[in-house]
Amino acid sequence: MAENAKELFDWFLASGTFLDAAPFGSGHIHKTWLIRTAGQDKDDYILQQINNNVFRNVPELQENLERVTVHLKKKISAIPGSDVRRECLQMIWSREGKSWINDNEGNFWRLFVFIPDHISYDIVDSPEKAYEGGKAIGRFQALLSDLPGKPLHETIPSFHDVEKRMITFLETIKRDPAGRLKSIIDETDFILRRTDKMKIIQQLGREGKIPVRITHNDTKFNNILFDKNGKSLCIIDLDTVMPGYFHSDFGDAIRTGANVAAEDEKELSKVRMDISLFAAYAEGYLSETRETLNSTEKEYLAFAPLLLTYEQAMRFLTDYIDGDKYYTIHHEHHNLQRTQAQIRLLVSMEEQYEEMKSIIRRLV
Ligand code: ADP
Ligand code: GN1
Ligand code: MG
């Protein structure tokens with residue numbers, strides 16, 4: 001708990017009087033609190049302690065966020081009927097004129113305006129929401145396509161570089177620092193058997209057939225906030241907005257938005273990809289991006305969910321072998337449980353891959 005939440009809050013130029021603070025949300029990276037202020041008509045806020053083990057260069061991270069949020073605000077406010085206060089993530093400046101503060105223990109903090117009356121989905125329960133989420137991600141990518149100025153910083157180097165992640169996986173296996181390798185032979189084998197197949201998007205990128213664009217890179221479905229009528233409001237968690245392939249965003253949204261079970265479901269028989277959620281998401285996404293995507297990007301769109309689910313299984317397993325250094329965990333074997341659920345999800349996608357491809361062929 002941020003015992004000093006009031007003190008931290010007072011370092012920012014926020015309006016309203018601090019009332020209380022409580023942990024908020026289900027993100028795996030930062031520590032997040034909701035700060036409520038006194039008075040019904042005043043904004044509430046999201047206070048975050050930035051995870052600077054994951055984001056090593058906080059000034060660069062925040063510079064990206066400043067540029068991206070300013071650009072989105074400008075573009076969204078030009079859309080008739082838009083409500084920038086609810087549709088854009090808004091950061092609050094500190095008294096020192098920065099978008100973050102550094103406390104005397106070396107921790108970094110930032111403050112966002114809380115978007116009230118939103119709903120976010122760890123599990124998606126209808127094709128309508130999947131469609132709406134797809135449209136929101138497609139629109140987000142389009143809005144950022146003309147971001148002016150220099151390229152964004154790579155806030156996490158090689159974030160979706162699956163080949164590098166494979167190397168890290170192998171190195172971690174070799175070190176086996178937590179002595180867990182003997183208990184995960186099947187999972188390790190599952191990952192290793194697929195390494196060649198999973199390099200294709202990167203290979204096509206190197207050949208210049210898939211372009212580098214500005215992407216979100218963490219399109220977990222709960223990073224899309226919805227209003228109470230099921231309309232998408234705002235995309236949050238902008239820390240990894242940087243150069244990347246559109247496939248990462250499409251794939252990760254399907255990984256999280258078309259799985260009928262939780263990302264860490266213990267009962268593996270419950271885990272599967274729902275093809276109607278996949279189709280609805282793809283339809284919404286392509287309604288915004290059909291004109292932009294080139295033919296190779298379209299051809300490999302159906303493969304993206306398999307790749308991102310594979311990558312995620314490998315990331316969770318790497319962290320498990322490494323002794324749980326990266327993701328927030330809620331119990332001892334949480335990262336293994338997450339790995340197993342992602343493996344089960346990938347099997348379900350592999351079983352439905354032909355159908356996924358024919359849906360995309362129909363839609364593009
Ligand atoms: P993490 O990288 O740890 O996932 P996020 O930036 O996604 O961190 O924030 C964690 C959670 O906090 C989100 O899933 C969401 O529930 C909530 N959240 C973050 N920013 C806002 C905001 N501006 N308004 C409302 N809720 C927010
Ligand atoms: C993290 O930040 P959050 O919880 O939305 C992670 C994603 C993973 C996801 C798995 C910066 O996302 O890449 O896909 O967990 N974010 C970072 O749940 O590593
Ligand atoms: Mg998040």
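Because the structure is predicted, anything quoted here is derived from the model rather than measured.

Focus: the site of ligand 1
No. 1: Neighbouring ligand 1 are 18 residues, the closest being His30, Gln48, Val113, Ile115 and Asp237.
No. 2: With respect to ligand 1, the backbone of Ile115 contributes an N or O atom lying 2.9 Å from a nitrogen atom.
No. 3: For ligand 1, whose free accessible area comes to 550 Å², the fraction covered by protein is 95%.
No. 4: Considering only residue class, the shell around ligand 1 consists of nine nonpolar, eight polar and one charged.

Digging into the coordination of the magnesium ion (ligand 3)
A metal bound by six donors in octahedral fashion has ideal angles of 90 or 180 degrees, whereas one bound by four tetrahedral donors has an ideal angle of 109.5 degrees.
No. 1: Surrounding the magnesium ion (ligand 3) are the protein donor atoms Asn223 (OD1) and Asp237 (OD), at 2.2 to 2.5 Å. Residue Asn223 is located in the loop between strand S6 (213-215) and strand S7 (224-226), and its partner Asp237 is located in the loop between strand S8 (232-235) and strand S9 (242-244); the two are separated by 14 residues in the primary sequence.
No. 2: Judged by relative accessible area, which is 25%, Asp237 ranks as partly exposed.

Let's talk about the packing of aromatic side chains
No. 1: Tallying each qualifying case throughout the model produces 13 aromatic pairs.
No. 2: Seen from their ring centres, Phe221 and Phe226 are 5.8 Å apart, and the 15° between their planes marks the pair as stacked.
No. 3: On the basis of relative accessibility, which here comes to 1%, the residue Phe221 falls in the buried class.
No. 4: By relative accessible area, which is 0% here, Phe226 ends up buried.
No. 5: Between the aromatic rings of Phe250 and Phe278, the centroid separation amounts to 6.2 Å while the plane-to-plane angle is 80°, which identifies the pairing as edge-to-face. Of the two residues, Phe250 is situated in helix H8 (residues 246-257) and Phe278 in helix H9 (residues 275-289); the sequence distance between them amounts to 28 residues.
No. 6: By relative accessible area, which is 0% here, Phe250 ends up buried.
No. 7: Using a relative accessible area of 0% as the deciding quantity, one classes Phe278 as buried.
No. 8: An aromatic cluster of three or more residues is present, and its members are Phe250, Phe278, Tyr281 and Tyr285.
No. 9: Here the guanidinium or amino end of Arg180 rests over the ring plane of Tyr320, the centre of that ring lying 3.9 Å away.
No. 10: Positioned above the aromatic ring of Phe190 is the side chain of Arg194, whose terminal nitrogen or guanidinium carbon lies 3.6 Å from the ring centre.

Examining the layout of surface pockets
No. 1: Its boundaries defined by the atoms lining it, the second largest pocket holds a volume of some 600 Å³.
No. 2: Along the walls of the second largest pocket sit 20 residues, with Ile156, Arg165, Thr168, Thr318 and Tyr326 positioned nearest its centre.
No. 3: When residues of the lining of the second largest pocket are traced back to their parent elements, those giving at least two are helix H5 (162-175) and helix H11 (304-321).
No. 4: In terms of residue count, the dominant contributor to the lining of the second largest pocket is H5 (six residues).
No. 5: Residues that form the lining of the second largest pocket fall into these classes: six nonpolar, five polar and nine charged.

Quick notes on the pattern of salt bridges
No. 1: This model, assessed by the stated rule, comprises 25 salt bridges.
No. 2: The partner of Glu207 in a salt bridge is Lys209, with the nearest N and O atoms 3.1 Å apart.
No. 3: You can call Glu207 partly exposed: its relative accessible area is 45%.
No. 4: In this structure Lys209 comes out as partly exposed when scored by relative accessible area, which is 42%.
No. 5: Ionic contacts of the salt-bridge type, sharing partners, join the residues Arg175, Asp322 and Lys325 into one network.

About the thresholds
Residues numbered from 1 in each chain as written. Chains lettered and ligands numbered in written order. Predicted model: local features only at pLDDT ≥ 70, side-chain atom pairs only at ≥ 80, totals over all residues. Heavy atoms only, no water. Near = heavy atom within 4 Å. Polar contact = N/O pair within 3.5 Å; in protein donor to acceptor, adjacent residues only side chain to side chain. Areas by Shrake-Rupley, 256 points an atom, 1.4 Å probe, with all protein chains shown as cover. Nonpolar A, V, L, I, M, F, W, Y, C, P; charged D, E, K, R; others polar. Donors = N, O, S within 2.8 Å, 3.2 Å for Na, K, Ca; no water. Helix = DSSP H or I, 4+ residues; strand = E, 2+ residues; numbered from the N terminus. Buried < 20%, exposed > 50% of the residue type's maximum accessible area, 1.4 Å probe, protein only. Phe/Tyr/Trp six-rings, centres within 6.5 Å; stacked < 30°, edge-to-face > 60°. Lys NZ or Arg CZ within 6 Å of the ring centre and 35° of its normal. 1 Å grid on protein atoms, 1.4 Å probe; cavity = no way out; pocket = protein on both sides within 12 Å on 5 of 7 lines; lining within 4 Å. Points joined across faces, edges and corners; volume = space filled by probe spheres on them. Salt bridge = Lys/Arg side-chain N within 4 Å of Asp/Glu carboxyl O.

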